[in-house]
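# Observations on chain architecture
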Amino acid sequence: MSRLSVVVSLSAACAACAAFASLAVEMAEPKDVPPLFPPGAWVPNAKNWHAGRRAEIKKILADEVYGHRPVERPPHLAFSEVSPEKTMMDGNAMRRLVKIEYGGKYGTNSFSVTAFVPKSQKRVPAFVFVCNRPAEECLDPERIVKSDFWPAERIVERGYAAIAFYMGDVTPDRPHGNTLGVFAAFSDVESHYRNRREWGALSAWAWGASRVLDWIETQPDIDAGHVAVIGHSRGGKIALVAAAWDERFAMACSNDSGCGGAKLNHVDLLGSEHFVNLCTTRPFWFDDGFVAWVNRDDRSPWDQHWLVAMIAPRLVCIGSATDDDWAGPYGEYLTARYASPAWRRIFGKKGFVSSGFPAPGAPQQEGEISYHLRSGKHDLTPYDWNVYMDFADRHGWRCARGQGKEEAGE
Ligand code: GCU
């Protein structure tokens, strides 16, 4: 579709939406997007994808962006309940407070997980929430403080286990955080800053999500085959990395994750974040290779649709908000589009079914990639949560407690 026709069809679809109209001027096609399947390289099919092109993509993304993990599941990994299981949410859920303890060459450490598991005859699917806001603001295990950001009651009501951890508990979100938490257990932190091809913090936090999944696998009432990892903003970047690196996650939900997450780099959107900001304000999220790409976003030999493609043929949700220029909604939409051939060409699935950049409140959920645009600001709202749960329902995740089709009304 030409730039003009996109603008015209959008104005017709959403004439009254002023915030949305400002997005329309940006909708040029990106240039020179690095192809998922370079000509003459692997002819992708379901058999060679994993060890072939996917492995190649994983290595490039580790070298250039997220770093190489020194460890996956560590030999020393222990789970303990920090207080007895408790019935909550009007008798509808069991709460489990869990400590995940791990140890490596350089030390041991731990982080906490709060889980609300709906009572059900069948094993329940789950959402693992990578919480990027202070735990006391939204993760109250007693549910006295409640927040729309983490609507645990609603998640349970819809038949999903609501499981959350605070990312800062895995390793603090600050430059010297990379000498603490998981880093202090598995990395030689003395030399970590001098020569760091090892994991940056995004990968370390994503590693934490995988350890939560290790715990879930020990729970007889949770269906470990239907677990989504979800996060907002930096948490959304983490969710994508978690599912790309750990194929046990059946779904990833990236909410407003932007640069370094779901936003395509090869498109220059007014007001959106570029590598230069991430490299100067948060270099510790990445490995050293990433800094080399400052001001060269549109020349990087990879792009974010590669990260999303690593999740194929599993489910992916990408959510944006109209007033969130920083995250680049249109760039997030493009990533869904450019990743789609991984589903279509390799696995013969639908991938991303879209007739164009959608109007707010009109999720595109027909294939295995869901994209939606919400009106409003950078946030994770009950509307977004409903879109993600609707998508899981649509793919048959709904458990015994579910009550039929939900509509994500705005
Ligand atoms: C900053 C950062 C973004 C990030 C966001 C967040 O704005 O530049 O990349 O997504 O914080 O996590 O809130």
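Here we summarise the structure given alongside this text.

Rules used throughout
Residues numbered from 1 in each chain as written. Predicted model: local features only at pLDDT ≥ 70, side-chain atom pairs only at ≥ 80, totals over all residues. Heavy atoms only, no water. Helix = DSSP H or I, 4+ residues; strand = E, 2+ residues; numbered from the N terminus. Buried < 20%, exposed > 50% of the residue type's maximum accessible area, 1.4 Å probe, protein only. Areas by Shrake-Rupley, 256 points an atom, 1.4 Å probe, with all protein chains shown as cover. Pairing = 2+ DSSP bridges. Axes fitted to C-alpha atoms, helices over the stretch in contact; angles between N-to-C directions. Contact = heavy atoms within 4.5 Å. Near = heavy atom within 4 Å. Polar contact = N/O pair within 3.5 Å; in protein donor to acceptor, adjacent residues only side chain to side chain. Nonpolar A, V, L, I, M, F, W, Y, C, P; charged D, E, K, R; others polar. Parallel < 35°, antiparallel > 145°, perpendicular 65-115°, else oblique. Left-handed = near helix turned anticlockwise from the far one by under 90°. Core = buried A, V, L, I, M, F, W, Y, C linked by side-chain atoms within 4.5 Å.

## A few points about the overall build of the chain
Helix and strand content of the chain: 15 helices and nine strands. Counting every position in the chain, which comprises 410 residues, the buried fraction comes to 59%. Accessible surface, the chain as shown: approximately 15,600 Å² in total, 53% of it carbon and sulfur.

## Observations concerning the sheet that holds strand 3 (residues 107-118)
One key point about sheets: their strands pair by backbone hydrogen bonds, in either a parallel or an antiparallel sense. The mixed open sheet is built from nine strands, whose spatial order is 1-2-3-5-4-6-7-8-9. Since the sheet does not close on itself, it has two edges, and those belong to strand 1 (76-88) and strand 9 (369-374), each with one partner. Going across the sheet, the axis of each strand differs from the next one's by a mean of 20 degrees, ignoring polarity. In terms of strand pairing, strand 7 (residues 251-255) meets strand 8 (residues 315-321) through five bridges, oriented parallel. Each bridged residue has a counterpart across the sheet, and for Asn 255 the counterpart in strand 8 is Gly 319. With respect to the sheet, helix 13 (residues 329-339) is in contact with strand 8 and strand 9, its orientation differing from that of strand 8 by roughly 160 degrees. Sheet contacts for helix 15 (residues 382-394): strand 4 (124-131), strand 6 (222-232), strand 7, strand 8 and strand 9; angle to strand 9, the most-contacted strand, approximately 160 degrees.

## Examining the site of the ligand
In the vicinity of the ligand, the contacting residues are Ser 233, Arg 234, Lys 237, Glu 273, Asn 277, Leu 278, Arg 282, Trp 326 and His 378. With respect to the ligand, the side chain of Lys 237 contributes an N or O atom lying 2.8 Å from an oxygen atom. One of the side-chain N or O atoms of Trp 326 is found 2.9 Å from an oxygen atom in the ligand. Burial of the ligand by the protein chains amounts to 83% of its free accessible area of 320 Å². Its residues placed into classes, the shell around the ligand shows two nonpolar, three polar and four charged.

## Details of the packing of helix 3 (residues 50-66) against helix 10 (residues 234-245)
The contact between helix 3 and helix 10 brings their axes to 12 Å, and the two run at 140 degrees. Between helix 3 and helix 10, the angle is such that the two are oblique. Considering the relative orientation of helix 3 and helix 10, their crossing is left-handed. For the pair helix 3 and helix 10, contact is made by Arg 54, Lys 58, Leu 61, Ala 62 and Tyr 66 and by Val 241, Ala 244 and Trp 245, respectively. A breakdown of the residues in the contact of helix 3 with helix 10 according to their chemical character gives six nonpolar, no polar and two charged.

## Focus on the side chain of Ser 340
Relative to the assigned elements, Ser 340 resides in the loop between helix 13 and helix 14 (341-347). Polar side-chain contacts of Ser 340 include one of 2.8 Å to the side chain of Arg 344. Ignoring anything within four residues of it in the chain, the contact list for Ser 340 reads Lys 350, Gly 351, Phe 352 and Ile 369.

## A word on the pairing of strand 3
Direction of pairing for strand 2 (residues 93-104) relative to strand 3: antiparallel, over a ladder of 12 bridges. The residue of strand 3 that forms the bridge with Lys 99 is Ser 112. If you look at the hairpin formed by strand 2 and strand 3, you'll find two residues sitting between the two strands. Where strand 3 lies against strand 5 (residues 161-166), three bridges are found, and the strand directions are antiparallel. The partner of Phe 116 across the bridge, within strand 5, is Ala 162.

## As for the nonpolar core
Ranked by size, the top nonpolar core spans 94 residues in total, and within it Leu 61, Ile 163 and Ile 216 carry the most contacts. Tallying contributions element by element places helix 9 (residues 201-216) first for this core, with 11 residues. Aside from chain neighbours lying at most four places away, what touches Ile 216 is Val 128, Ile 163, Ile 222, Ala 224 and Val 227.

## Focus on the packing of helix 9 against helix 10
It is the contact of helix 9 with helix 10, at a shortest axis distance of 8 Å, that shows an interaxial angle of 65 degrees. Here helix 9 lies roughly perpendicular to helix 10, going by the angle between them. For the crossing formed where helix 9 meets helix 10, the hand is right-handed. Together, Leu 202, Ser 203, Trp 205, Ala 206 and Ala 209 of helix 9 and Arg 234, Lys 237, Ile 238, Val 241 and Ala 242 of helix 10 make up the contact between the two elements. Residues belonging to the contact of helix 9 with helix 10 are distributed by class as follows: seven nonpolar, one polar and two charged.

## Quick look at the environment of Glu 247
Mapped onto the secondary structure, Glu 247 falls in the loop between helix 10 and strand 7. By relative accessible area, Glu 247 is classed as partly exposed at 40%. A sequence separation of 67 residues divides Glu 247 from Arg 314, and the C-alpha atoms of the two residues are 8.4 Å apart. Once you skip the residues sitting within four places of it in the chain, Glu 247 turns out to touch His 50, Arg 54 and Arg 314. Engagement of the side chain of Glu 247 in a polar contact is seen with the side chain of His 50, the distance being 2.6 Å.

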